[in-house]
Amino acid sequence: MSRWDRKSLGLLFVLFLVHWAVLSGCVSISRGPSLGGIYNELAQHEDPYRNPVILIPGILGSRLIEKESEVLVWGDFGSGNADPASIDGARAIAHPMAIGKPLKELKDSVEPDGTLDRVMVNLGGWHYELNAYAHILGVLGAGGYRDEQMLNAAKVNWGDQHFTCFQFAYDWRRDLVEIAADLDAFIREKKAYVQREINRRYGIVNHDVKFDIVAHSMGGLIARYYLRYGSQDLPPEGGTPTITWEGSKFVENAILVGTPNAGSVNALQILVEGYRPASLLAKYPSALLGTMASLYQMLPRGRHEALLDKNGHSVLDLLSLDLWKENRWGLADPGQDEMLKMLLPDEPRAFVRREIAVNHLEKALNRARQVQEALDAPACPPNSLHLYLVAGDAVPTPQTARVESGGRLSIVSYGPGDQIVLRSSALMDERRGEFRLSRLISPVAWHQVVFLFSDHKGLTEDPGFSDNLLYILLEKPEIMQR
């Protein structure tokens, strides 16, 4: 294989890594403002009243490790990572399945092990180090925000100035509500830590610490649920919890970047077709990815007419179990039994494996319905909270898919977006019918929206994002009570 072929293969693999979450690139001062020149003085000013920042990555953006064996499940790619084509690798990557248990009780020994500030790729002896969230951490560093994880990893020596920036790593295979509860515990822990530091440094006791959140892609959905409901679980009988804005007690500004607030056709494609990043790399089959609860929670809404059936009619319920069984998608596909054998090696009977898989699919779809209803309910945030959105609107993005023979999908229309997330999805745009020509109608009360001419992975590399982010964090006037 030529050097160019190997390099191309590496670049194709990068596309898989950055789906939804993983960012790459470096700050390019030459094509944007001088962040140091603008913000250096503010960055160096020690202020106990400046909000610490929490970075929430998107799906795939946290390293996962098998706790007992310390085998890396996700994070360094190529040789050495969990192989989806092996029994041990597939079981490590998959969300556990079992009949008779709700999703939150299906646990394994895989846990998050930090966010992916950088990604190592080893392909046939060729080594690549790719920036993941290092770019955005660099921008925050230019604003004077010191990251604890990088200090602990001995990558950067901040001295004792490392209590102003935190990375929230999480198991992105799991239900968003579970992850929001983990975020609540994380924020409470970091608040107590910051309070102790402020007391030690400035003599201020029990300071009312507020955080600013920067959340990319699926991380924005986690942030939105947390802000509305705190650590509340969904009602077991169905429906949505009461909106309390419990999370807003700890957050002043939430900046969502490329978040699929109304879902993404890309999530449907991955769940139906699986994913192979390149011809020489192992495929992640649809049944394997179909175990992951979070993917269903990013499906498009039926009312937005994102899917057409074989007759060209809109499918109004993408979360219908009958739809998935009829089209033999993912866990409902009898042809996926070889993968089910790997995921359920203790079950020798094919019909029982299928029952377990379909039962898991039904639980994931029902949970997704509740999560979407909870996120879609119109609600005005309290005066103390501001919601910002950074979205792309210049790259053709899949808007409508059609079901073809055999359950295959084809993309039949595109709309403005960032290649993964439509502009309308990021906005959670509900304009339909007689309201189509009105001003924006959204259940999310955005304080400010910024559109950039970048793709999904490029949004946080854009100089406009970097400049606006530091303005919001460092210069924006204090919130005035209305």
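The following paragraphs examine the structure supplied in this document. Computed from a predicted structure; not experimentally measured.

### Describing the pattern of salt bridges
Alright, step 1. Scanning all chains against the criterion turns up 24 salt bridges.
Alright, step 2. As a salt-bridge pair, Arg201 and Glu197 come within 2.9 Å of each other at their nearest N and O atoms. Placement of both Arg201 and Glu197 in helix α6 (residues 176–202) is noted, with a separation of 4 residues, approximately one turn of the helix.
Alright, step 3. The exposure class assigned to Glu197 is buried, which follows from its relative accessible area of 12%.
Alright, step 4. One salt bridge in this structure joins Asp376 and Arg301, with 2.8 Å as the shortest N-O distance. On the criterion of sequence distance, the pair formed by Asp376 in helix α13 (residues 350–376) and Arg301 in the loop between α10 (293–296) and β11 (307–308) is long-range, its members being 75 residues apart.

### Points about the sheet that holds strand β13 (residues 395–403)
In a beta sheet, neighbouring strands are held together by backbone hydrogen bonds and run either parallel or antiparallel to one another.
Alright, step 1. Strand order in the open sheet formed by 3 strands is β11-β13-β14, and the pairing between neighbours is mixed. The sheet is open, and its two edges are formed by β11 and β14 (409–417), each paired on a single side.
Alright, step 2. With 8 bridges joining them, β13 and β14 adopt antiparallel strand pairing. When the bridges of β14 are listed, Thr400 appears paired with Ser413.
Alright, step 3. Lying on the sheet, helix α8 (residues 265–273) is in contact with β11, β13 and β14; it crosses β14 at an angle near 155 degrees.

### As for the side chain of Ser454
Alright, step 1. Here Ser454 lies in the loop between β15 (448–452) and α15 (463–475).
Alright, step 2. A polar contact is formed between the side chain of Ser454 and the side chain of Asp462, at a distance of 3.0 Å.
Alright, step 3. Here Ser454 is in contact with Gly392, Val395, Gly417, Asp418, Leu459 and Asp462, once residues within four sequence places are set aside.

### As for the environment of Pro463
Alright, step 1. Following the sequence through the fold, Pro463 ends up in helix α15.
Alright, step 2. When the C-alpha atoms of Pro463 and Pro33 are compared, they prove to be 7.0 Å apart, with 430 residues separating the residues in sequence.

### What to know about the side chain of Glu347
Alright, step 1. Tracing the backbone through its elements, the reader meets Glu347 in the loop between α12 (337–343) and α13.
Alright, step 2. On the basis of relative accessible area, Glu347 is assigned to the buried category, the value being 14%.
Alright, step 3. Within the structure, the side chain of Glu347 is placed 2.9 Å from the side chain of Arg349, a separation counted as a polar contact.
Alright, step 4. Beyond its immediate chain neighbours, meaning those up to four positions away, Glu347 contacts Val352 and Arg353.

### Describing helix α4 (residues 134–142)
Alright, step 1. Within α4, 7 of the 9 residues are buried, leaving the element largely enclosed by the surrounding structure.
Alright, step 2. For α4, the set of buried residues is Ala134, His135, Ile136, Leu137, Val139, Leu140 and Gly141.
Alright, step 3. Where α4 ends, the next residue or the one after it, Gly144, has phi of about 90 degrees, a positive value.

### With respect to helix α2 (residues 35–44)
Alright, step 1. Along α2, the residues that are buried comprise Leu35, Tyr39 and Ala43. Along α2, the residues classed as buried sweep out an arc of 55 degrees about the axis, all on the same side. For α2, the exposed residues set more than 90 degrees away from the buried face come down to Gly37, Glu41 and Gln44.
Alright, step 2. Buried residues along α2 sit against α4 and α15.
Alright, step 3. Where α2 begins, the capping side chain belongs to Ser34, and its oxygen is found 3.1 Å from the backbone nitrogen of Gly37.

### Digging into the packing of aromatic side chains
Alright, step 1. Within this structure, the stated rule accounts for 8 aromatic pairs.
Alright, step 2. Taking 5.3 Å as the distance between ring centres and 75 degrees as the angle between the ring planes, the aromatic pair formed by Trp74 and Trp172 counts as edge-to-face. Highlighted residues: Trp74 in strand β3 (residues 71–74) and Trp172 in the loop between β8 (165–167) and α6, separated in sequence by 98 residues.
Alright, step 3. Judged by its relative accessible area of 3%, Trp74 falls in the buried class.
Alright, step 4. In this structure Trp172 comes out as buried when scored by relative accessible area, which is 2%.
Alright, step 5. Relative to Tyr284, the ring of Trp74 has its centre 6.3 Å away and its plane inclined at 75 degrees; by these criteria the two rings are edge-to-face. On the criterion of sequence distance, the pair formed by Trp74 in strand β3 and Tyr284 in the loop between α8 and α9 (286–289) is long-range, its members being 210 residues apart. Each of the two residues, Trp74 as well as Tyr284, counts as buried.
Alright, step 6. An aromatic cluster is built from Trp74, Trp172 and Tyr284, whose rings are joined through pairwise contacts.

### Concerning the packing of α6 against helix α7 (residues 218–229)
Alright, step 1. Two numbers describe how α6 lies on α7: the axes approach to 9 Å, and their chain directions differ by 70 degrees. Judged by the inter-axis angle, α6 sits roughly perpendicular to α7. The segment α6 lies against α7, with Leu176, Val177, Ile179, Ala180, Leu183, Asp184 and Ile187 engaging Met218, Leu221, Ile222, Tyr225 and Tyr226.
Alright, step 2. Split into classes, the residues belonging to the contact of α6 with α7 amount to 11 nonpolar, no polar and 1 charged.

Conventions and cut-offs
Residues numbered from 1 in each chain as written. Predicted model: local features only at pLDDT ≥ 70, side-chain atom pairs only at ≥ 80, totals over all residues. Heavy atoms only, no water. Salt bridge = Lys/Arg side-chain N within 4 Å of Asp/Glu carboxyl O. Helix = DSSP H or I, 4+ residues; strand = E, 2+ residues; numbered from the N terminus. Buried < 20%, exposed > 50% of the residue type's maximum accessible area, 1.4 Å probe, protein only. Pairing = 2+ DSSP bridges. Contact = heavy atoms within 4.5 Å. Axes fitted to C-alpha atoms, helices over the stretch in contact; angles between N-to-C directions. Polar contact = N/O pair within 3.5 Å; in protein donor to acceptor, adjacent residues only side chain to side chain. Arc of directions from axis to C-beta. Phe/Tyr/Trp six-rings, centres within 6.5 Å; stacked < 30°, edge-to-face > 60°. Parallel < 35°, antiparallel > 145°, perpendicular 65-115°, else oblique. Nonpolar A, V, L, I, M, F, W, Y, C, P; charged D, E, K, R; others polar.

By themselves, these are just geometric observations and shouldn't be taken as functional.
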